[in-house]
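Topology and contacts: notes
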Amino acid sequence: MNNEIKRPLEGVVVLEFSQFLAGPVAGLRLSDLGARVIKIEKPEVGDLCRYIYLSDTNLSGDNSLFHAINRNKESFVADLKNSEDLERVKKLISKADIITQNFRPGVIERIGLDYEKAKKINPKIVYGSITGYGDKGPWKDLPGQDLLAQSRSGLVWLNGNGDGAPTPMGLAAADMFAGHFLVQGLVAAMFKVLKTNEGSHVQTSLIEAMLDFQFEVLTTYLNNGKRKPKRSNYNNAHAYLAAPYGIYKTSDGYIAISMTPVPKLGELLKLESIQHYTDQKTWFTKRDEIKKLIGDLIVTNTTQNWLDILEPAGVWCSEVLEWDKMIEHEGFKVIDMLQRIKRFDGLDIETLRCPIRFNNEVYKSEIAAPLIGQHTEQISKEFSL
């Protein structure tokens, strides 16, 4: 990649008063796109995400999660309860373009750095806030934690087999989506600044992100008499989609089969027991029955055997890859998603790059997540704090 490529957000200064996942995810993407992201961290403690361990992997004092989300950022320490530090931060705000914060409702107001205060310092500031459930209503003071937001949104209920327990997604989906939605709003607000010289307060929450994630199925629910979908008891994958949609166990792994006419699938698999389901309505009303018949056959042979039959016939299907096989696959290698990030203290780790390409160029950066306060002195001099 040409390291001289000018990224679209170069010259934009972001102050990140965010910790854990949702706010820093937004900062990560802004940084990937060229913005200068300065994390405002508490002295000695820093972002509490530094201490949340997904495994027993410690990378130069911080966990892998912190390094993944906070690469290519700078760290400025400030005690926001200290009047002198607060004044220095206000000077930074006067020269910044974007602020992100994900404190609980009311906290940033008590500190004195809420949007109304910030825009008096800098009328063009674009101010992004992420909460758990918004700033009003009975949920507003509840913990804004990913699993809880997934659960309250109905998403967990939607997942899993119909006769089994609700199933959460295997990652922090609410945090990730909220962070990405905030970036969309922040970039839109930057366009407004260019046209009007006025800033904006961009707001989202974990619950709003999870609800929007379900907009397709919730719209169906709202307009079909509010009839809840029935999850398939056998290999459920999408509560609103009929057989054969699902993931099937093979003799040596799993295969995903998407939408395809049931009789056609029966012919290809030489499975006479499903070839008579010619009425499309039965693909849903008899969904479990049909999928069980398919599953009983699929398990008798290898994944590759079934791919060799289905793929040439145009059936939408895929091997279910675990990470080790996925990373070794040429399909993964050709998109060049991996990068190494490094730090002066010897830290050298592998992670993923920004997934957005401009003019077919990928954006990578070797700059690792900062040590607590690593850039405080440099930033103080630069901004005359």
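Computed from a prediction, not measured in an experiment: that's the story for all the values here. (Residues numbered from 1 in each chain as written. Predicted model: local features only at pLDDT ≥ 70, side-chain atom pairs only at ≥ 80, totals over all residues. Heavy atoms only, no water.)

With that settled, consider the overall build of the protein. A tally of regular secondary structure across the protein gives 17 helices and 15 strands. Its C-alpha atoms give the protein principal-axis dimensions of roughly 80 × 50 × 45 Å. A buried classification covers 44% of the 385 residues belonging to the protein. The contacts in the protein between residues at least 6 apart in sequence include a share of 68% that link residues at least 24 apart. (Helix = DSSP H or I, 4+ residues; strand = E, 2+ residues; numbered from the N terminus. Buried < 20%, exposed > 50% of the residue type's maximum accessible area, 1.4 Å probe, protein only. Contact = heavy atoms within 4.5 Å.)

Judged by side-chain polarity, F20, L48, Y51 and I52 come together as a nonpolar surface patch covering roughly 320 Å² of accessible area. Tracing the sequence through the fold places F20 in the loop between β1 (13-17) and α1 (22-32). (Patch = residues over 30% accessible without salt bridge, like charges linked within 9 Å, V, L, I, M, F, W, Y side chains within 5 Å. Areas by Shrake-Rupley, 256 points an atom, 1.4 Å probe, with all protein chains shown as cover. Salt bridge = Lys/Arg side-chain N within 4 Å of Asp/Glu carboxyl O.)

On to the sheet that holds strand β10 (residues 254-257), then. Ordered by their spatial adjacency, three strands build an open sheet running β9-β10-β11, and the pairing between neighbours is antiparallel. Edge positions in the sheet fall to β9 (246-249) and β11 (317-319), since each has one partner strand and no second. Recorded for the sheet is a direction-independent mean angle of 25 degrees between the axes of neighbouring strands. With three bridges connecting them, β10 and β11 associate as antiparallel partners. The partner of A256 across the bridge, within β11, is S318. Contacts from helix α13 (residues 287-298) reach β9 and β10 within the one sheet, and its direction differs from that of β9 by about 35 degrees. Helix α14 (residues 303-310) contacts β10 and β11 of the sheet and is inclined by roughly 25 degrees relative to β10. (Pairing = 2+ DSSP bridges. Axes fitted to C-alpha atoms, helices over the stretch in contact; angles between N-to-C directions.)

This part covers the packing of aromatic side chains. Under the definition given, this model contains five aromatic pairs. Ring centres 5.7 Å apart and planes at 65 degrees place the aromatic pair Y133 and W139 in the edge-to-face group. Here Y133 falls in the buried class, since its relative accessible area comes to 7%. According to the relative accessible area criterion, W139 is partly exposed, its value standing at 38%. (Phe/Tyr/Trp six-rings, centres within 6.5 Å; stacked < 30°, edge-to-face > 60°.)

Residues three or four positions apart in an α-helix share a direction because the helix packs 3.6 residues into each turn. The terminal C-alpha atoms of helix α8 (residues 173-196) lie 35 Å apart, and with 24 residues this matches the ideal 34 Å at 1.5 Å per residue to within 8%. Regarding α8, the residues found buried are A173, A174, D175, A178, G179, L182, V183, L186, A189, M190 and V193. Looking at the buried residues of α8, the elements they touch are α1, β6 (98-101), β7 (126-131), α6 (146-153), β8 (200-205) and α9 (206-213). (Expected span 1.5 Å × (residues − 1).)

When two helices pack together, their arrangement is captured by the angle between the axes and the distance separating the axes. Across the interface, α6 lies against α8 with an axial gap of 7 Å and an inter-helix angle of 90 degrees. When the axis of α6 is compared with that of α8, the two are roughly perpendicular. On α8, the residues that touch D146, A149 and Q150 of α6 are A173, A174 and D175. (Parallel < 35°, antiparallel > 145°, perpendicular 65-115°, else oblique.)

With that settled, consider the side chain of N122. Looking at where N122 falls in the secondary structure, it is placed in the loop between α5 (115-121) and β7. Side-chain polar atoms of N122 contact the backbone oxygen of A96, separated by 2.8 Å. Setting aside its immediate chain neighbours within four residues, N122 contacts I93, S94, K95 and A96. (Polar contact = N/O pair within 3.5 Å; in protein donor to acceptor, adjacent residues only side chain to side chain.)

This part is about the nonpolar core. Where a protein is soluble and globular, its nonpolar side chains tend to be buried together. Core analysis: the biggest nonpolar cluster contains 31 residues, and V12, V14, L30, I98, V126, L186 and L206 have the highest contact counts within it. Counting only elements with at least two residues in this core, the list comes to α1, β7, α8 and α9. When residues in this core are grouped by element, the largest group, nine residues, is from α8. Apart from residues lying up to four places away in sequence, L186 is in contact with L30, I98, T100, V126, Y127, G128 and V202. By size, the runner-up hydrophobic cluster in this structure holds 22 residues, among which are V13, L86, Y127 and F383. (Core = buried A, V, L, I, M, F, W, Y, C linked by side-chain atoms within 4.5 Å.)

Looking at the element boundaries, R353 is found in the loop between β13 (348-352) and β14 (357-358). For R353, a relative accessible area of 5% gives the class buried. Between the C-alpha atoms of R353 and A68, which are 285 residues apart in sequence, the distance is 9.8 Å. Those residues in contact with R353 that lie beyond four places of it in its chain are R71, I335, D336, M337, Q339, V362, Y363 and K364. Here the side chain of R353 touches I335 through a polar contact of 2.7 Å, landing on its backbone oxygen.

Okay, the packing of helix α11 (residues 262-269) against α14 next. Close contact between α11 and α14 brings their axes to 10 Å; oriented N to C, the two are set at 115 degrees. Here α11 and α14 pass one another in a crossing that is right-handed. Judged by residue contacts, L265, L268 and L269 of α11 engage W306, I309 and L310 from α14. Here the contact of α11 with α14 is composed, by residue class, of six nonpolar, no polar and no charged. (Left-handed = near helix turned anticlockwise from the far one by under 90°. Nonpolar A, V, L, I, M, F, W, Y, C, P; charged D, E, K, R; others polar.)

As far as function goes, none of this settles anything; it's purely spatial.
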